[in-house]
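The residues making up each chain are set out below.
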Amino acid sequence: MSEPVALKLTAKDFKSDQEVRWCPGCGDYAILAAIQQFMPELNIPRERTVFVSGIGCSSRFPYYMNTYGMHSIHGRAPAIATGLSVSRPDLSVWVVTGDGDALSIGGNHLIHALRRNVNLKILLFNNRIYGLTKGQYSPTSEVGKITKSTPAGSADAPFNPLSLALGAEASFVGRTIDSDRKHLQSVLRAAAEHQGSAFVEIYQNCNIFNDGAFDQLKDPGTRDDYLIRLEHGQPITFGTDGRFCVVHPPGGFGLEVRETSSVRPEEIVVHDATVADPAYAFALSRLPGLDLRNTPIGVFRSVDRPSYDSVVQSQLAAAKAKVTETPEQQLAGLLGSGDTWTII
Amino acid sequence: MTKQIRQLDRVVIRFAGDSGDGMQLTGDRFTSETAQLGNDISTLPNFPAEIRAPAGTLPGVSSFQVHFADYDILTPGDAPNVLVAMNPAALKANLADLPRGADIIVNTDEFTKRSLAKVGYQTSPLDDGSLAGYVVHPVALTSMTVGALATHEVSKKDAERSKNMFALGLLSWMYSRPYESTLRFLERKFAARPELVAANVAAFRAGWNFGETTEDFAVRYEVKPAKMQPGTYRNITGNAALSLGLVAAGVRSGLPVFLGAYPITPASDILHELSKHKRFGVLTMQAEDEIAAVGAALGASYGGSLGVTTTSGPGVALKSETISLAVALELPLVIVDVQRAGPSTGMPTKTEQADLNMALYGRHGEAPVAVIAPRSPSDCFFAALEAARIALTYRTPVILLSDNYVANGSEPWLLPDVESLPDLRVEFASEPNGEDGTTFLPYLRDPETLARPWAIPGTAGLEHRIGGLEKADKTGDISYDPANHDFMVRTRAARIETIPVPDIEVEDPDGDARVLVLGWGSTYGPIGAACRGIRQRGLSIAQAHLRHLAPMPANLGEVLRSYDRVVIPEMNLGQLAHVIRARYLVDAISYNQVRGLPFTSTELETTLEEVLKNV
């Protein structure tokens, strides 16, 4: 391919003519605006960009993007997008999904897309509730969640989406928040640059059925003490004046948060998203408590691993490279292969 | 010793043994030798779902039946003239199918007290006179094979495993088969282990020479080549033919073929076969489940490939929601259902035609699709092309209903001229189709085909969104308008109903038949053979066979109404009969069997004769 030409696209170019129909105040509006503003940066023509979604509030997303798009069926977007991506390596394929869509009904497709490392950018809008079906608990709702379907409180433990993705060997894992446009775009940028599956969890507020689920991470009074902003190559400190830090306690399995004043500077973990062993990113994903304290955001993991698409395409290319005949000649040869006999 | 040679017009041989005895391979090789000779052939493999059921037991018996003749034949034969029984279980499991006077070749080495007891024989049938009505040939197959390989550098186990080649050698001698292709096959198969090539070839020759020298086999048989249309032939199974048909569809459409599949009996061989044809641009993906398999295929179709998914009944059930999405999206998709006996896991290696209702109706909402069914192993090639043609031209899911009988059975196939295959080229949308010259209307239809434009991602200026929500006519925007929904539902139905399909042809050589037998799918052979039998006795009967089950041929109603009685034999409880009665108000007689096996022509003949008597 020749040197890319600057397309000079703007956010407006990515807005479709469809009326946006999320509830007023929904976090999805902020995500949509952030993505529309961000897309021109990629300098990918609109016609080569495809958004595929499943079912749920978040999955209405493709209708509002002036690109190619498919609003498919519940949970199946990663499977459909896999077929599209692997057969059309020239496209930039994005999957928009939610906590119910990706982790409940579509859990199988999500983990297999990640393990295969299909070249998909998977954005999981996590609002920890079923919105479109009007307020049942989701696979990321906290234990004891009282909803229409769980009046006595939910009995089942939630998934940690990032832990799940890392367990599935995802090569890129990140997290961001609907209301922090700058941060959201920075994580999307890194995801878009990644070859292979990029999994991004976006904390998204459902102001109707689960309002304020992430308030501690947004409220100026608490957010600095709750959020860990991961920066590649930087020591992991957070809180007012960096009063907390992350260390790897000797003899322990994971990571822990300490008062920065209580540890030697060299004990503070320096964030490295390229660590080959997913155990490191997994340990990061386990830091938050039930109250959302110590929630890391940013890029947890970004490692190089051949994408499924590239392996499959290179197998096809290798097979085709040996061909010297026309397709019709090849076909005639194939039909007549094996033991044949001729009757005159 | 010069042996007498006797001419026969047809022979049915059944090779039966333990599922580890290599009976499928033996049958396959015998079939290939027979094909080389120019006989017409039809085969029926019959094996358990278990890979290695406990050795020597009845559930572990695997068999392969081959019917060959000097004239054109339609079925693998009702009853074997010869049974090769590698152990007591194989004898016991198959004896009831043998007519009196049939030849039985038994491997006496396996008729030990223990093996006999395993299948409930108190005394050996070889000694107790219970086989008096048959011509029994006791052969110490295992020990003679081991003896013949005494000087070979193979383990005793490998030597014993070559006994199927000894049996093949013996049968090849008995029926004067050319064996060069088998020798070539063995060289290919064991290319990495030359000592096994030598051992298997030696075992084959030992079997051949045993036939020539032993006095037990006094007669050698010949079956002359059949009069077949000139041309080049190969023997082919339905699954292989179907795979080649899909490759051909890719070549003739100029589109990449994308197969999404999840392993399932009896469809997996299509995945195996297509995975070998990457040089044609065929991309195969073994998905994580049946739903992902069809989803990926649909995603590939959206991107401009010919999306295909192959499975059996349980898989189609899982794919149902995605097929409905494909109906709403109006994209090409081929769904191959190699039917097996259900419900649930049922009998995975046995045949049935009980997925017709599911293919026609098994989706939520009004979700019509095209349905077609091949009638024989080689017809699977043309059925696959036809499925692709309909899917691509009319932008619709097409269900191709094969079944285990045609999928694993084989017959000679006259190779078609590639240039004579249908031209399946399609045109993707390339520019806006709105009246203003700038807007793109993804649901503006071709007035002739009612197909919507196929605008694939990457096409500048045609960016659009599609989805499962109801769409407004022309624009494809989300619509909850009652009149629009009514219109779209009727249009989707009309899209399928108006696909032009060839008229159904009636075979009525006498021209005065009052009874019509209507079939579909793999029952073509047995029905045809039964009709022949009836005609040979001077009676008249007409046969018609449905390839297109949705939409049905336009002349079908007229054809059905021109006979006094219509009989519909099916390997289900009357699913086609139900449709025919509902659509055409014809009081069809439904004749059904669901035993996991194809109809025998004899039993069909008896049934049809009864109908003829009562007309």
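This structure is a prediction, so every number in the text was calculated from the model and none was measured. (Residues numbered from 1 in each chain as written. Chains lettered and ligands numbered in written order. Predicted model: local features only at pLDDT ≥ 70, side-chain atom pairs only at ≥ 80, totals over all residues. Heavy atoms only, no water.)

Engineer: Would you mind showing me how to read the overall build of chain B here?
Structural biologist: Across its full length, chain B carries 20 helices and 23 strands. Relative to the 2.2 N^0.38 estimate, which gives 25 Å for 615 residues, the radius of gyration of chain B is 27 Å and therefore close to what a compact globule would have. If you line up chain B on its principal axes, its C-alpha atoms span 90 × 60 × 45 Å. Residues classed as buried in chain B amount to 63% of the 615 residues present. Partitioning the contacts of chain B with sequence separation of at least 6, the portion at a separation of at least 24 is 77%. Within the structure as shown, chain B displays about 23000 Å² of accessible surface, and the carbon and sulfur contribution to it stands at 51%. The averaged location of the 71 negative side-chain charges in chain B is 4 Å from the averaged location of its 56 positive side-chain charges. (Helix = DSSP H or I, 4+ residues; strand = E, 2+ residues; numbered from the N terminus. Rg over C-alpha atoms; globule rule 2.2 N^0.38 Å. Buried < 20%, exposed > 50% of the residue type's maximum accessible area, 1.4 Å probe, protein only. Contact = heavy atoms within 4.5 Å. Areas by Shrake-Rupley, 256 points an atom, 1.4 Å probe, with all protein chains shown as cover. Lys, Arg positive; Asp, Glu negative; His and termini not counted. Charge placed at Lys NZ, Arg CZ, Asp CG, Glu CD.)

Engineer: It is not clear to me how the overall build of chain A should be interpreted in this structure. Could you clarify?
Structural biologist: In terms of helices and strands, chain A carries 11 helices and 12 strands. With the principal axes as the frame, chain A shows a C-alpha extent of 90 × 50 × 45 Å. In chain A, which comprises 344 residues, the proportion classed as buried is 55%. Total accessible area on chain A stands at roughly 14700 Å², and carbon and sulfur atoms take up 54% of it. Across chain A, 32 positive and 36 negative side-chain charges occur, with their mean positions spaced 4 Å apart.

Engineer: Even after reading the chapter, I still don't get the interface of chain A and chain B, so can you show me in this structure?
Structural biologist: Buried accessible area, meaning the area lost when the parts come together, often serves as the stated size of an interface. Across the contact, 57 residues belong to chain A and 71 residues belong to chain B. The junction of chain A with chain B conceals about 5400 Å² of combined surface from both sides, 61% of it contributed by carbon and sulfur atoms. Ranking the residues of chain A by area buried against chain B places A:Tyr68, A:Leu335 and A:Trp341 at the top, with a combined share of 16%. Remark: the boundary between chain A and chain B carries 5 salt bridges. (Buried area = accessible area lost by both parts, 1.4 Å probe. Salt bridge = Lys/Arg side-chain N within 4 Å of Asp/Glu carboxyl O.)

Engineer: Can you help me understand the packing of aromatic side chains in this one?
Structural biologist: In this description, an aromatic ring pair is defined by two values, namely the gap between the centres and the angle between the planes. Tallied over the entire structure, the rule returns 23 aromatic pairs over all chains. Between A:Trp22 and A:Tyr64, the ring centres sit 5.0 Å apart and the planes meet at 80°, which makes this aromatic pair edge-to-face. Of the two residues, A:Trp22 sits in the segment before α1 (27-42) while A:Tyr64 sits in the loop between β1 (49-53) and β2 (68-71), which places them 42 residues apart along the sequence. By relative accessible area, which is 5% here, A:Tyr64 ends up buried. With a centroid separation of 5.9 Å and 90° between ring planes, the pair formed by B:Phe68 and B:Tyr175 is classed as edge-to-face. Separated by 107 residues along the polypeptide, B:Phe68 in strand β4 (residues 61-69) and B:Tyr175 in the loop between α6 (163-174) and α7 (180-189) bring together distant segments of the chain. With respect to class, B:Phe68 is no different from B:Tyr175; both count as buried. Among the aromatic residues, ring-to-ring pairing joins A:Trp22, A:Tyr29, A:Phe51, A:Phe61, A:Tyr64, A:Trp94 and A:Phe125 into one connected group. Lying across the ring of A:Tyr308, A:Arg116 places its NZ or CZ 5.8 Å from the centre. Across from the ring centre of B:Tyr443, 4.6 Å away, lies the NZ or CZ of B:Arg452, which sits over that ring. (Phe/Tyr/Trp six-rings, centres within 6.5 Å; stacked < 30°, edge-to-face > 60°. Lys NZ or Arg CZ within 6 Å of the ring centre and 35° of its normal.)

Engineer: What is the right way to look at the pairing of strand β23 (residues 589-592) of chain B in this model?
Structural biologist: Sheet faces and side chains relate simply in a regular strand, where the side chains alternate between the two faces. Residues and elements named next belong to chain B. Note that strand β22 (residues 565-570) and β23 share 4 bridges and pair parallel. By the bridge assignment for β23, Pro-569 is matched with Tyr-591. The parallel pair β22 and β23 is bridged by helix α19 (residues 575-584), and the resulting crossover is right-handed. (Pairing = 2+ DSSP bridges. Right-handed = clockwise from strand over helix to strand, strands pointing away.)

Engineer: Just to check I follow, could you spell out the sheet that holds strand β16 (residues 410-414) of chain B for this structure?
Structural biologist: Strand pairs in the sheet, formed through backbone hydrogen bonds, run parallel or antiparallel to each other. Taken in spatial order, the 3 strands line up as β12(A)-β9(B)-β16(B) in an open sheet, and their pairing is antiparallel. In this open sheet, the two edge strands, each paired with only one partner strand, are β12 (340-343) of chain A together with β16 of chain B. If you compare each strand with its neighbour and ignore which way they point, the axes differ by 35° on average. Sheet topology note: the strand β9 (residues 231-237) of chain B/β16(B) ladder contains 5 bridges and is antiparallel. What sits directly across from B:Asn235, in β16(B), is B:Pro412. Sheet strands touched by helix α9 (residues 238-253) of chain B: β9 and β16 of chain B. Its angle to β9(B), the strand with the most contacts, is close to 115°. (Axes fitted to C-alpha atoms, helices over the stretch in contact; angles between N-to-C directions.)

Engineer: Would you take a moment to explain the pattern of salt bridges for this structure?
Structural biologist: In a structure, side chains of opposite charge can pair up when their charged atoms sit close to one another. Scanning all chains against the criterion turns up 43 salt bridges over all chains. Close ionic contact of B:Arg29 with A:Asp339 constitutes a salt bridge, the shortest N to O distance being 3.4 Å. Of this pair, B:Arg29 sits in helix α1 (residues 23-37) while A:Asp339 sits in the loop between α11 (327-335) and β12, each in a different chain. Connected through salt bridges with shared partners, the residues A:Arg128, A:Glu142 and A:Lys145 form a single ionic network.

Engineer: Please explain unusual backbone geometry as it appears in this structure.
Structural biologist: Of all residues except glycine, most have a negative phi; of all peptide bonds, most are trans. The linkage connecting B:Thr265 with the following residue, B:Pro266, adopts the cis geometry, with an omega of 0°. Mapped onto the fold, B:Pro266 is located in the loop between β10 (257-261) and α10 (268-274). The step from B:Ala550 to B:Pro551 runs through a cis peptide bond, and the omega angle for that step is -5°. Tracing the backbone through its elements, the reader meets B:Pro551 in the loop between β21 (548-550) and α18 (556-561). One non-glycine residue, A:Arg128, lies in the positive phi region at around 60°. Note that A:Arg128 resides in the loop between β4 (120-126) and α5 (161-167). The phi dihedral of A:Glu169 falls on the positive side, at around 70°, and the residue is not glycine. Tracing the chain through its elements places A:Glu169 in the loop between α5 and β5 (172-177).

Engineer: So what exactly am I meant to see when it comes to the side chain of B:Glu463 here?
Structural biologist: For B:Glu463, the location among the structural elements is in the loop between β16 and β17 (465-467). A polar contact of 3.4 Å, which involves the side chain of B:Glu463, links it to the backbone nitrogen of A:Glu47. Within the local environment of B:Glu463, its side chain forms a polar contact with the backbone nitrogen of B:Gly461, the two atoms lying 3.2 Å apart. Discounting residues that sit within four places of it in the chain, B:Glu463 has contacts with A:Arg46, A:Glu47, A:Asn66, A:Thr67 and A:Tyr68. (Polar contact = N/O pair within 3.5 Å; in protein donor to acceptor, adjacent residues only side chain to side chain.)

Engineer: Sorry if this is basic, but what is going on with the sheet that holds β17(B) here?
Structural biologist: The strand order across the open sheet formed by 9 strands is β7(A)-β11(A)-β5(A)-β6(A)-β4(A)-β3(A)-β1(A)-β2(A)-β17(B), and the pairing between neighbours is mixed. Where the open sheet ends on each side, the last strands, each with one partner, are β7 (227-229) of chain A together with β17 of chain B. Geometrically, the sheet is characterised by an average inter-axis angle of 20° between neighbouring strands, direction not taken into account. When β5(A) meets strand β11 (residues 295-302) of chain A, the two strands line up antiparallel, connected through 4 bridges. Note that in β11(A) the partner of A:Val173 across the bridge is A:Arg301.

Engineer: Looking at this model, I keep getting lost on the nonpolar core. Mind explaining?
Structural biologist: Considering soluble globular proteins, one finds that nonpolar side chains tend to be buried as a cluster. All names here are of chain B. Formed by 164 residues in total, the largest nonpolar core has its most connected members in Leu-518, Leu-576 and Ile-580. The leading source of residues in this core is helix α14 (residues 379-394), at 11 residues. In contact with Ile-580, other than residues within four places in its own chain, are Leu-518, Met-552, Leu-556, Leu-560, Ile-568, Leu-585 and Val-586. Core analysis: the second largest hydrophobic core is formed by 50 residues, Leu-149, Leu-170, Ala-203 and Ala-206 among them. (Core = buried A, V, L, I, M, F, W, Y, C linked by side-chain atoms within 4.5 Å.)

Engineer: Would you mind going over helix α4 (residues 107-116) of chain A with me for this structure?
Structural biologist: Residues three or four positions apart in an α-helix share a direction because the helix packs 3.6 residues into each turn. Residues and elements named next belong to chain A. The buried count for α4 comes to 7 of 10 residues, which makes it a mostly enclosed element. Here α4 has its buried residues at Gly-107, His-109, Leu-110, His-112, Ala-113, Leu-114 and Arg-116. Looking one or two residues beyond α4, the residue adopting positive phi is Asn-117, at roughly 65°.

Engineer: Can you help me understand a positive patch on the surface in this one?
Structural biologist: Residue and element names in this part refer to chain B. On the surface, Arg-52, Lys-157, Arg-161 and Lys-189 cluster together to form a positively charged patch. Topologically, Arg-52 is positioned in the loop between β3 (40-46) and β4. Judged by its relative accessible area of 59%, Arg-52 falls in the exposed class. (Patch = residues over 30% accessible without salt bridge, like charges linked within 9 Å, V, L, I, M, F, W, Y side chains within 5 Å.)

Engineer: Which parts of the structure should I look at to understand the environment of A:Asp17?
Structural biologist: Residue and element names in this part refer to chain A. Looking at the secondary structure, you find Asp-17 in the segment before α1. A relative accessible area of 65% places Asp-17 in the exposed class. Along the backbone, Asp-17 and His-194 are 177 residues apart, and their C-alpha atoms lie at a distance of 30 Å. In terms of polar contacts, Asp-17 uses its side chain to reach the side chain of Gln-18, at 3.0 Å.

Engineer: What is the right way to read the packing of α7(B) against helix α8 (residues 194-213) of chain B from this model?
Structural biologist: When two helices pack together, their arrangement is given by the angle between the helix axes and by the axis-to-axis distance. Residue and element names in this part refer to chain B. At their nearest, the axes of α7 and α8 sit 9 Å apart, and the two run at 155° to each other. Looking at the two axes, α7 sits roughly antiparallel to α8. Helix-helix and strand crossings are classified by hand; for α7 and α8 the assignment is right-handed. Counting all contacts with α7, which are made through Thr-182, Leu-183, Leu-186 and Glu-187, the residues of α8 involved are Val-197, Asn-200, Val-201, Phe-204 and Arg-205. Classifying every residue of the contact of α7 with α8 gives 5 nonpolar, 2 polar and 2 charged. (Parallel < 35°, antiparallel > 145°, perpendicular 65-115°, else oblique. Left-handed = near helix turned anticlockwise from the far one by under 90°. Nonpolar A, V, L, I, M, F, W, Y, C, P; charged D, E, K, R; others polar.)

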